[in-house]
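# Analysis of the macromolecular model
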Amino acid sequence: DAGITQSPRHKVTETGTPVTLRCHQTENHRYMYWYRQDPGHGLRLIHYSYGVKDTDKGEVSDGYSVSRSKTEDFLLTLESATSSQTSVYFCATYPGEGEQFFGPGTRLTVL
Amino acid sequence: TQLLEQSPQFLSIQEGENLTVYCNSSSVFSSLQWYRQEPGEGPVLLVTVVTGGEVKKLKRLTFQFGDARKDSSLHITAAQPGDTGLYLCAGEMGNTPLVFGKGTRLSVIA
């Protein structure tokens, strides 16, 4: 258990509204990731961070932005949510070697 | 293009049966990891294989890394209902983020 929490755990929102998901870690891991998981697609990387204020795009970054102002927090923002962004979102951390540690996930529904 | 292909995508077997899950790629990985994910939770690491040809055992689970470090397999002996879950392989290539396969959803029926 790497002490990763995600908030909220569940959210229902309407198309066009902004949404921010939060990932918080207590292990001081350098790397943090945001994934989305959808049936038939597996885990797909949205954005990742390799340090405070250092972020990069993953394979499905369109429509998403991220920020990391502190080591422990990594925020994922949907500027204007669409129904195609309905998914389960996972945050993960990585200390630099060994395994990735995943949070419990956030289930987002966009109506 | 999926860098890591997992097969089968779904597997439903009776308790006590054996099974093998495959993870294949045309790319070479420095290491390969296997994760298991249960409903409502995030994936949890089972094992990491690093050396070509390496075999690791975790109780009834046997993991093998191909000699060329392009593929891996997970074999479960005498499957139990507690083995039910989504099995994900993930490949590491240098300093880039892990590449995940789409997963194999296993259901073991008592």
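Presented here is an overview of the structure given in this document. This structure is a prediction, so every number in the text was calculated from the model and none was measured. (Residues numbered from 1 in each chain as written. Chains lettered and ligands numbered in written order. Predicted model: local features only at pLDDT ≥ 70, side-chain atom pairs only at ≥ 80, totals over all residues. Heavy atoms only, no water.)

## Brief notes about the overall build of chain B
Operational definition: Only DSSP runs of H or I covering at least 4 residues are called helices, and only runs of E covering at least 2 are called strands; the numbering of each starts at the N terminus. The globule rule is 2.2 Å times the number of residues to the power 0.38, and the radius of gyration it is compared with is taken over C-alpha atoms. In what follows, residue pairs with any heavy atoms lying within 4.5 Å of each other are defined as contacts.
Counting its regular elements, chain B contains zero helices and eleven strands. The secondary structure elements of chain B, listed N-terminal to C-terminal, are β-β-β-β-β-β-β-β-β-β-β. Taken over the C-alpha trace, chain B has a radius of gyration of 13 Å; the compact-globule value for 110 residues is 13 Å, and the two agree within 12%. On the principal axes, the C-alpha backbone points of chain B span a range of 40 × 30 × 20 Å. When contacts within chain B are restricted to residue pairs at least 6 apart in sequence, those whose partners lie at least 24 apart make up 54%.

## Digging into the overall build of chain A
To keep it simple, the criterion reads: Here's how the labels work: a residue is buried when its accessible area is under 20% of the maximum for its type, exposed when over 50%, partly exposed in between, all with a 1.4 Å probe on protein chains only. We get accessible surface area from the Shrake-Rupley algorithm with a probe of 1.4 Å; when it comes to residues, only the shown protein chains can shield them.
Looking only at helices and strands, chain A features zero helices and eleven strands. Each helix and strand of chain A, ordered N terminal to C terminal, gives the series β-β-β-β-β-β-β-β-β-β-β. For chain A, whose C-alpha radius of gyration is 13 Å, the value lies close to the compact-globule estimate of 13 Å for 111 residues. Counting across all 111 residues of chain A, residues that qualify as buried make up 48%. Across chain A, every contact between residues at least 6 apart in sequence was considered, and the portion connecting residues at least 24 apart equals 54%. Summed over all atoms, the accessible surface of chain A reaches about 5300 Å², with 47% contributed by carbon and sulfur.

## Quick notes on the interface of chain B and chain A
Test applied: What gets called buried area is simply the loss in accessible area from a 1.4 Å probe that two parts show on being joined, summed for both. One side-chain nitrogen of Lys or Arg within 4 Å of one carboxyl oxygen of Asp or Glu is enough to make a salt bridge. Side-chain atoms alone can form a polar contact between residues adjacent in sequence; in general such a contact is a pair of N or O atoms within 3.5 Å, and within protein one must be able to donate a hydrogen while the other accepts it. All amino acids are sorted into three groups, where Ala, Val, Leu, Ile, Met, Phe, Trp, Tyr, Cys and Pro are nonpolar, Asp, Glu, Lys and Arg are charged, and the leftover types, Gly among them, are polar.
The interface is formed by 16 residues belonging to chain B together with 18 residues belonging to chain A. Across the interface of chain B and chain A, roughly 1200 Å² is buried in total on both sides, 56% from carbon and sulfur atoms. Among the residues of chain B in contact with chain A, P97(B), F100(B) and K102(B) are the three that bury the most area, contributing 35% of the side total. At the surface where chain B touches chain A, the tally comes to zero salt bridges. At the junction of chain B and chain A, the tally comes to five residue pairs in polar contact (both at pLDDT 80 or more). At the level of elements, β4 (31-37) and β9 (85-92) of chain B are the ones that each hand at least two residues to the side of chain B that touches chain A. Looking at the side of chain B that touches chain A residue by residue, the classes come out as eight nonpolar, five polar and three charged.

## Considering the state of the cysteines
Residues and elements named next belong to chain A. Threshold: Any two cysteine sulfur atoms lying within 2.5 Å of each other are counted as a disulfide.
Per the counting criterion, the structure on display carries two disulfides over all chains. Sulfur-sulfur distance for the disulfide between C23 and C91 comes to 1.9 Å. Since a negative S-S torsion denotes a left-handed disulfide, the C23-C91 link at about -70° is left-handed. Here C91 lies in strand β9 (residues 87-94) and C23 lies in strand β3 (residues 19-25), a separation of 68 residues in the sequence.

## A word on the pattern of salt bridges
Close approach of charged atoms allows side chains with opposite charge to pair. Under the criterion given, the structure shown has seven salt bridges over all chains. With its nearest N and O atoms 2.7 Å apart, the salt bridge here joins E38(B) to R36(B). Among the residues examined, E38(B) registers a relative accessible area of 32% and is labelled partly exposed. Among the ionic pairs, R60(B) bridges to D83(B), the shortest N-O distance being 2.9 Å. Highlighted residues: R60(B) in the loop between β6 (55-58) and β7 (61-65) and D83(B) in the loop between β8 (71-76) and β9, separated in sequence by 23 residues. Residue classification places R60(B) among the partly exposed residues on the basis of a relative accessible area of 29%. Overlapping salt bridges bring together R22(A), K70(A) and D73(A) as one network.

Honestly, it's all geometry; don't read function into it.
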